[in-house]
Amino acid sequence: MQYCGDFRTTYEKDVKIFETPFVKICMGFLGVALLALPFLVKGEYLWILMQIVIAVIGAVGLNILTGFTGQISLGQGAFLGVGAYTSAFITAKMGLPFWVGVPAAGCVTALAGMIFGIPSLRLKGLYLAIATLASQFILEWVFLRWEPVTGGSYGIVVPRPSLGGYVFDSDRSYFYIVLVIAAVMVLFATNLMRTRTGRAFMAVRDHYISAEIMGINIFKYRILSFAVSSFYAGVAGALYGHSLRFVSSEQFGISVSIVYLAMIIIGGLGSILGSIYGAVFMILLPKLLTVVTTQLGTSFPGIAEVAIALEQGVFGGIIVLFLIFEPDGLAHRWKMIKAYWKLYPFSY
Amino acid sequence: MTTQYLLQLVISGLVVGSIYSAVALGFVIIYKATRVVNFAQGELLMVGAYVCYAFLVQMHVPFGVALLLTILFSMVLAMTIERLILRPMIGEPIISIIMVTIGLSLVLRSAVSVVWGTDILVYEPKLFPQAMLMVLGVPVSLEFVWCFVLSIFLLVVFSIFFKYSKAGVAMRATAFNQQVAQSMGISVKKIFALSWIISAVVSGIGGVLIGNINGINNTLYHFGLKVFPATILGGLDSILGAALGGVIIGVLENLFDGACSTYFDLAGVKEVAPYVILVVILMIKPYGLFGTKEIERV
């Protein structure tokens, strides 16, 4: 760890993802821990862990669109749904393997994202947020009504992946697939933000008129960020569908979009690391609240119903408090903690 | 499709649309003065409906008093929200403000479920006499007529308020440029509080009207979601736009639904029609019919 700021003297140092050997070792340990975890935790806990890893993919995707390119989207839930249904259709109804279904889900969702991103040619900020809200409701309606493809209100039962003769049947084996895909996609996103494209995204976010003057084709990059973001959403949705082995329309409502938006805001807008923190936080929070409320409900049976209603309110309240007291997100707080230790006795 | 049926669709659309207009009005007032998009607008409506129910049915207060108490409650609620939640968010990016109002909406929804449960509650006695009126040969319930008249009344009152009253002019000035307004001696903080209060009161009255017709339960906040297309259609910062947007969305969604269920075998178009209209409008006129076009320079 450097003690008095970052002094990078070569280009190689500047473009490194892991700045120091210490960070590299830490990441190594994290990797080993993640690989070992399925053997340490069981049942529901493993399932929650898997949901976190899937949510990381979706959150990184949304952060590319909202955090890096500055386009607020309230439709992430529906895009997850497009991915889930595409993969479900390909694997369950066409009989193709999982390994075709997931990338196809990404591509189809990217296409859908580009179509619903067209309004971004003329809209931004609030108007775009509400246009994406419209796409959420339109897609939700399509999920419910396009019965030959989506199974309507019955949903679709989807298989788990298999390779050769081996079926990734258990949560444990499926977790590894999810983990590898997530790791690759997070690394890709981190690197994407360091390329010409990523910097163009950020320029469009910071000041789109200036960006245009500098020769950035803003429409191209806005649509591109919709495409990349939706690709991530599609893959996350497909993985989610296969993890539940069942896809139905109520899994992809507006509340999912809100949870994803909350993830990236609480984690930190425009930060890949922040998306990860946010995903962990927002998946664990409802589970924790459920534990607390069921405990309350069993110890005071009279208030069981109230406790369930309270859960949602506490969830909303925590989001509000977070935004008021930690507006820059967890990633920023983590940076402050690191800075505090670095500068320790001279923190001012 | 007969003319009779068509007329019926249009008239019921007008009535529902007028309530959309009232809620959209609340939405526009907040946006106009504070540049905050309030995703909890539907919840304010829901709270209004429930509070009026509590006074009217649970405590047996006469309707006039109950309505006044509801308005008072909405005012206090709005002031609390503005002071505790929105004021610390001044200067934060738009997305954080959207999120904070979404969080607020979850809190309000949960509070309502905790206090009143999730069953459908009915206003007893009904506020307006139960009678049928013939309008152009179509039977219309008197409740609907009252609803329509009251919503229009609210819209007219607030158009006049904004145009001619001192507070209204101050609110428009604040909307135009907060710093300049402040230096002209307008208390921007007071204006923010005032706009939240007016908005909550208007939505609360809307809630009472809807509650009286359909009964109330904890899905009433859906009205808030329908209001987005209405507001955007008219333009986010135009009162006239809110009024027309609400009515247009109300009528169009009914016509869409009627047409689709008659000619195609498609039910439930009503839920998405406003959003399809919204997307189309946004492509053609990005700032809505009457919205201010923002001109940006580097």
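Refer to the structure above for everything that follows.
Residues numbered from 1 in each chain as written. Chains lettered and ligands numbered in written order. Predicted model: local features only at pLDDT ≥ 70, side-chain atom pairs only at ≥ 80, totals over all residues. Heavy atoms only, no water.

Colleague: How should I be thinking about the overall build of chain B in this particular structure?
Modeller: Each helix and strand in chain B was counted, giving eleven helices and two strands. The order of helices and strands in chain B, counted from the N terminus, is α-α-α-α-β-β-α-α-α-α-α-α-α. Computed over its C-alpha atoms, the radius of gyration of chain B comes to 19 Å, within 12% of the 19 Å expected for a compact globule of 298 residues. Overall, the C-alpha framework of chain B stretches about 60 × 50 × 35 Å when taken along its three principal axes. (Helix = DSSP H or I, 4+ residues; strand = E, 2+ residues; numbered from the N terminus. Rg over C-alpha atoms; globule rule 2.2 N^0.38 Å.)

Colleague: Looking at this structure, how should I read the overall build of chain A?
Modeller: A count of helices and strands for chain A gives 15 helices and four strands. Here the C-alpha atoms of chain A give a radius of gyration of 21 Å, agreeing with the 20 Å that 2.2 N^0.38 yields for 348 residues. Oriented by its inertia axes, the alpha-carbon framework of chain A measures out at about 60 × 55 × 45 Å. Per-residue burial for chain A yields a buried fraction of 49% across its 348 residues. Partitioning the contacts of chain A with sequence separation of at least 6, the portion at a separation of at least 24 is 76%. Split by element, the accessible area of chain A, about 16,500 Å² in all, is 71% carbon and sulfur. (Buried < 20%, exposed > 50% of the residue type's maximum accessible area, 1.4 Å probe, protein only. Contact = heavy atoms within 4.5 Å. Areas by Shrake-Rupley, 256 points an atom, 1.4 Å probe, with all protein chains shown as cover.)

Colleague: Just to check I follow, could you spell out the interface of chain A and chain B for this structure?
Modeller: Many structure descriptions define interface size as the accessible area lost when the parts assemble. On the chain B side, the residues contacting the 41 residues of chain A number 45 residues. Counting the surface lost from both chain A and chain B, the interface buries some 4,000 Å², and carbon and sulfur atoms represent 80% of this. When the buried area of chain A at its contact with chain B is split by residue, L126, Y127 and W141 of chain A rank highest and sum to 18% of it. The interface formed by chain A and chain B holds zero salt bridges in total. Scanning the region where chain A abuts chain B turns up one residue pair in polar contact (both at pLDDT 80 or more). Mapped onto the side of chain A that touches chain B, the elements with two or more residues apiece are α6 (125-145), α10 (208-213), α12 (254-267) and α14 (304-325) of chain A. It is α14 of chain A that provides the largest number of residues to the side of chain A that touches chain B, a total of twelve residues. (Buried area = accessible area lost by both parts, 1.4 Å probe. Salt bridge = Lys/Arg side-chain N within 4 Å of Asp/Glu carboxyl O. Polar contact = N/O pair within 3.5 Å; in protein donor to acceptor, adjacent residues only side chain to side chain.)

Colleague: Help me understand the packing of aromatic side chains, please; the structure alone is not making it clear to me.
Modeller: Each pair of aromatic rings is reported with the distance of its centres and the angle of its planes. Under the defined criterion, the tally for this structure stands at 18 aromatic pairs over all chains. Between F39 of chain B and F228 of chain B, the aromatic rings sit 4.6 Å apart at their centres with planes inclined by 40°, giving tilted as the arrangement. Residue F39 of chain B is found in the loop between α1 (3-34) and α2 (41-58), and its partner F228 of chain B is found in helix α9 (residues 222-234); the two are separated by 189 residues along the sequence. Classification of F39 of chain B as buried rests on a relative accessible area of 12%. Owing to a relative accessible area of 2%, F228 of chain B belongs among the buried residues under this scheme. Sitting above the plane of the Y174 of chain A ring, R160 of chain A keeps its charged end 4.5 Å from the centroid. One Lys or Arg, R222 of chain A, reaches over the ring of Y208 of chain A and ends 5.0 Å from the middle of that ring. (Phe/Tyr/Trp six-rings, centres within 6.5 Å; stacked < 30°, edge-to-face > 60°. Lys NZ or Arg CZ within 6 Å of the ring centre and 35° of its normal.)

Colleague: Can you walk me through the nonpolar core in this structure?
Modeller: One recurring pattern in soluble globular proteins is that nonpolar side chains are buried together. Counting 190 residues, the largest nonpolar core has L239 of chain A together with M99 of chain B as its most contacted members. If sequence neighbours within four positions are ignored, L239 of chain A has contacts with I54, I57, F98, V102, Y174, V178 and I181 of chain A. In terms of nonpolar packing, the next biggest core, distinct from the first, is built from five residues, W141 of chain A together with C260, V272 and A273 of chain B among them. (Core = buried A, V, L, I, M, F, W, Y, C linked by side-chain atoms within 4.5 Å.)

Colleague: Mind showing me how you'd approach the pairing of strand β1 (residues 132-135) of chain B here?
Modeller: Moving residue by residue along a regular strand, the side chains alternate between the two faces of the sheet. All names here are of chain B. As paired elements, β1 and strand β2 (residues 138-141) share four bridges and run antiparallel to each other. Opposite V135, over in β2, you have V138 as the bridge partner. What sits between the antiparallel neighbours β1 and β2 is a turn of two residues, in which L136 has the positive phi angle 55°. (Pairing = 2+ DSSP bridges.)

Colleague: Would you mind going over helix α2 (residues 21-40) of chain A with me for this structure?
Modeller: Along an α-helix, residues three or four apart share an orientation, since each turn contains 3.6 residues. Taking 1.5 Å of rise per residue, 20 residues should cover 28 Å, and α2 of chain A covers 28 Å from first to last C-alpha, within 8% of that figure. Considering bend angle alone, the principal kink of α2 of chain A is centred on L34 of chain A and spans about 30°; proline P38 of chain A follows within four residues of it. (Expected span 1.5 Å × (residues − 1). Bend = angle between axes of the 7 residues up to and from the residue.)

Colleague: What's the story with the side chain of S225 of chain A in this structure? I'm lost.
Modeller: With respect to the element layout, S225 of chain A can be found in helix α11 (residues 218-244). On the basis of relative accessibility, which here comes to 0%, the residue S225 of chain A falls in the buried class.

Colleague: What's the story with the environment of A131 of chain A in this structure? I'm lost.
Modeller: Residue and element names in this part refer to chain A. Following the sequence through the fold, A131 ends up in helix α6. Given the relative accessible area of 6%, A131 is considered buried. Along the backbone, A131 and F116 are 15 residues apart, and their C-alpha atoms lie at a distance of 8.3 Å.

Colleague: Would you explain α2 of chain B in this entry?
Modeller: Residue and element names in this part refer to chain B. Over its 18 residues, α2 extends 25 Å from the first C-alpha to the last, a length consistent with the 26 Å expected when each residue adds 1.5 Å. Burial analysis of α2 places 17 of its 18 residues in the buried class, the great majority of the element. Phi turns positive, to about 55°, at H60, one or two residues after α2.

Colleague: What's the story with the pattern of salt bridges in this structure? I'm lost.
Modeller: For side chains of opposite charge, pairing can occur when their charged atoms come near one another. Applying the stated rule across the entire model yields five salt bridges over all chains. Between R333 of chain A and E326 of chain A there is a salt bridge; the shortest N-O distance is 3.0 Å. The salt bridge partner of E253 of chain B is K226 of chain B, with a shortest N-O separation of 3.5 Å. Of the two residues, E253 of chain B sits in helix α10 (residues 239-263) while K226 of chain B sits in helix α9, which places them 27 residues apart along the sequence. For the residue pair E253 of chain B and K226 of chain B, the accessibility class agrees, reading buried in each case.

Colleague: Can you help me understand the packing of α1 of chain B against helix α5 (residues 142-164) of chain B in this one?
Modeller: Helix-helix packing is described using two parameters, namely the angle between the two axes and the distance between the axes. Residues and elements named next belong to chain B. Closest axis-to-axis distance for the α1/α5 pair is 8 Å, and the angle between their directions is 25°. Judged by the inter-axis angle, α1 sits roughly parallel to α5. In this structure, the crossing between α1 and α5 has a hand that is left-handed. On α5, the residues that touch L14, V15, S18, I19, S21, A22, L25, I29 and K32 of α1 are F144, C147, F148, S151, L154, L155, F158 and F162. Here the contact of α1 with α5 is composed, by residue class, of 13 nonpolar, three polar and one charged. (Axes fitted to C-alpha atoms, helices over the stretch in contact; angles between N-to-C directions. Parallel < 35°, antiparallel > 145°, perpendicular 65-115°, else oblique. Left-handed = near helix turned anticlockwise from the far one by under 90°. Nonpolar A, V, L, I, M, F, W, Y, C, P; charged D, E, K, R; others polar.)

Colleague: How should I be thinking about the side chain of S96 of chain B in this particular structure?
Modeller: Mapped onto the secondary structure, S96 of chain B falls in helix α4 (residues 94-116). The class for S96 of chain B is buried, based on a relative accessible area of 1%. Residues within four places of S96 of chain B in sequence aside, it is in contact with I265 and L323 of chain A together with M89 of chain B.

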